[in-house]
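Read off the chains here:
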Amino acid sequence: MFPKVNEGILTFGIRVFNSIGFFVYVPLLSLWLVKMKDLDITETSFIMAAFTFVSKAGNMLVGGIVDKFGIKNSLVIGLWGAALLLTMLTIVNSYPLLFLIALVLGISTSLYNVSLKTHISLLQENERLRAFALLNIAVNVGASIGPFLGGWLLDWNSSSTIMAAIVCYVLAGGISLLLPRITSEDAEKGINIVQFVKNSRSDPHFFIFIRFIAFSGLFWFLYTQLFTTFPVVVSQHFSGKTIGLFFTVNAMTIIVFQGFYPKIQPKWKMEYWYALALVLIVASYFLLWISHHFWIIFVSVVLFSMAEIIWVPMIDHQLIEKKGMLSSSWAFGISGVLWGVWESIGGFVGLNLYQYVGQQTFFYLAIIGIVILGGYLFRLLYRNMSFFTSKNQVGRKDWR
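My aim in this report is to walk through the structure given alongside it, one point at a time. This structure is a prediction, so every number in the text was calculated from the model and none was measured. (Residues numbered from 1 in each chain as written. Predicted model: local features only at pLDDT ≥ 70, side-chain atom pairs only at ≥ 80, totals over all residues. Heavy atoms only, no water.)

1. Topic: the packing of aromatic side chains
In total, this model carries 35 aromatic pairs according to the counting rule given. Considering the side-chain rings of Trp289 and Phe363, the 4.7 Å spacing of their centres and the 45° angle between planes classify their relative orientation as tilted. Of the two residues, Trp289 is situated in helix H13 (residues 270–290) and Phe363 in helix H16 (residues 361–399); the sequence distance between them amounts to 74 residues. Residue classification places Phe363 among the partly exposed positions, given a relative accessible area of 26%. (Phe/Tyr/Trp six-rings, centres within 6.5 Å; stacked < 30°, edge-to-face > 60°. Helix = DSSP H or I, 4+ residues; strand = E, 2+ residues; numbered from the N terminus. Buried < 20%, exposed > 50% of the residue type's maximum accessible area, 1.4 Å probe, protein only.)

Here it is in structure tokens:
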């Protein structure tokens, strides 16, 4: 029925359009809800927290849907379902219905993301490597184009921001129809996760894993401030087009510099890189509080992006190292839930801070960042002192 096209190219096209569709509205969604639906900040924060959490935690819920309907069908359902839900978002004005739509939209986002990654994982090895490389490029292309386009449309006609996302999702779903039918007969059987956790109580590696994703979640708490709190805070000073430009700066900085970081990362311990990332985030927040001059905001976004370049690959890398007996899919599924909780709390805290302290929001967020950095440095110091003490004790025993 359809001409045969290389699957790596197809997945690249799907990812470009769904990434543009996602980034054209998500960074500006909080501002759009306040502007178009006349919601107050508290109501908006609940909707954003619900969407953020479910779009992450949904990774653990949609596996059964993918198994039942197949990868290709699930991908189309997720993309076209997102388009339908966004259409409903433009029509509905009731807060409870908007909240419900945000929840289902989060599930739909999880469904197409999991379906696409599962499809790529089942390709032949040479195709899979190329497809994942193209996937990474596609995400950053979407993150570069989407926010700027969304901001420009928000200034021109607020409703057109969501309409652009709908068009992108429809196109991505259409390209998905060109994919061949993919079977996953060799996929793992489902695990009883409750039983797994019970059996893991005596396994120290499982608690190391949980402790690590709890710590790494702090970065996602700080990260979500750029995409939920930042647009609302600076909307008093900049147009939607300019706010979108700042998000494009974020994506372009990552595209330009992400290739350099793996080369220099081994020269320093991971713990020091994490500390540096926290320092950069705090500095970014202070700049956002000190001045709303265009170039000050520009520098703050670049600093934040440099921190993102540091922590994102390290967290993904260490997650696989610390997963123990868990499969990679379950490791990312569980981490997605906890990271989703952190991002939801972050968006809720940031937006409610703005409601009460206004333009001082990023000062208080910077203070929170300093507390997190201080706690992390204290932990490093304590661990190093414990190691030094233990080493001296061993040395004394050897001397005797």
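Further notes follow.
2. A few points about helix H11 (residues 240–257)
An ideal rise of 1.5 Å per residue puts 26 Å on 18 residues; H11 measures up with 26 Å between its terminal C-alpha atoms. Those residues of H11 that sit buried are Gly240, Thr242, Ile243, Gly244, Phe246, Phe247, Thr248, Val249, Asn250, Ala251, Thr253 and Ile254. (Expected span 1.5 Å × (residues − 1).)

3. Describing helix H5 (residues 71–91)
Between its first and last C-alpha, H5 extends 30 Å over 21 residues, near the 30 Å set by a 1.5 Å rise per residue. Restricting attention to buried positions, one finds in H5 the residues Ile71, Ser74, Leu75, Val76, Gly78, Leu79, Gly81, Ala82, Ala83, Leu85, Leu86 and Leu89.

4. A short note on the nonpolar core
Core analysis: the biggest nonpolar cluster contains 93 residues, and Tyr25, Leu86, Phe219, Phe230, Tyr285 and Trp311 have the highest contact counts within it. Not counting chain neighbours up to four residues away, the residues in contact with Phe219 comprise Tyr274, Ala277, Leu278, Ile281, Trp311 and Ile315. (Core = buried A, V, L, I, M, F, W, Y, C linked by side-chain atoms within 4.5 Å. Contact = heavy atoms within 4.5 Å.)

5. Considerations on unusual backbone geometry
When glycine is set aside, most residues are seen to have a negative phi, and most peptide bonds are trans. Although it is not a glycine, Asp38 sits at a positive phi angle of roughly 55°. If you trace the backbone, Asp38 turns up in the loop between helix H2 (29–36) and helix H3 (41–57).

6. Some points on the packing of H2 against H3
The interhelical angle for the contact between H2 and H3, taken along N-to-C directions, is 140°, at an axis separation of 10 Å. One element, H2, and the other, H3, form an angle in the oblique class. Note that H2 runs across H3; the crossing there is right-handed. Listed contacts from H3 to Leu29, Ser30, Leu33 and Val34 of H2 are Ile41, Thr44, Ile47 and Met48. Here the contact of H2 with H3 is composed, by residue class, of six nonpolar, two polar and no charged. (Axes fitted to C-alpha atoms, helices over the stretch in contact; angles between N-to-C directions. Parallel < 35°, antiparallel > 145°, perpendicular 65-115°, else oblique. Left-handed = near helix turned anticlockwise from the far one by under 90°. Nonpolar A, V, L, I, M, F, W, Y, C, P; charged D, E, K, R; others polar.)

Functional significance is not addressed by these values, which are geometric in nature.
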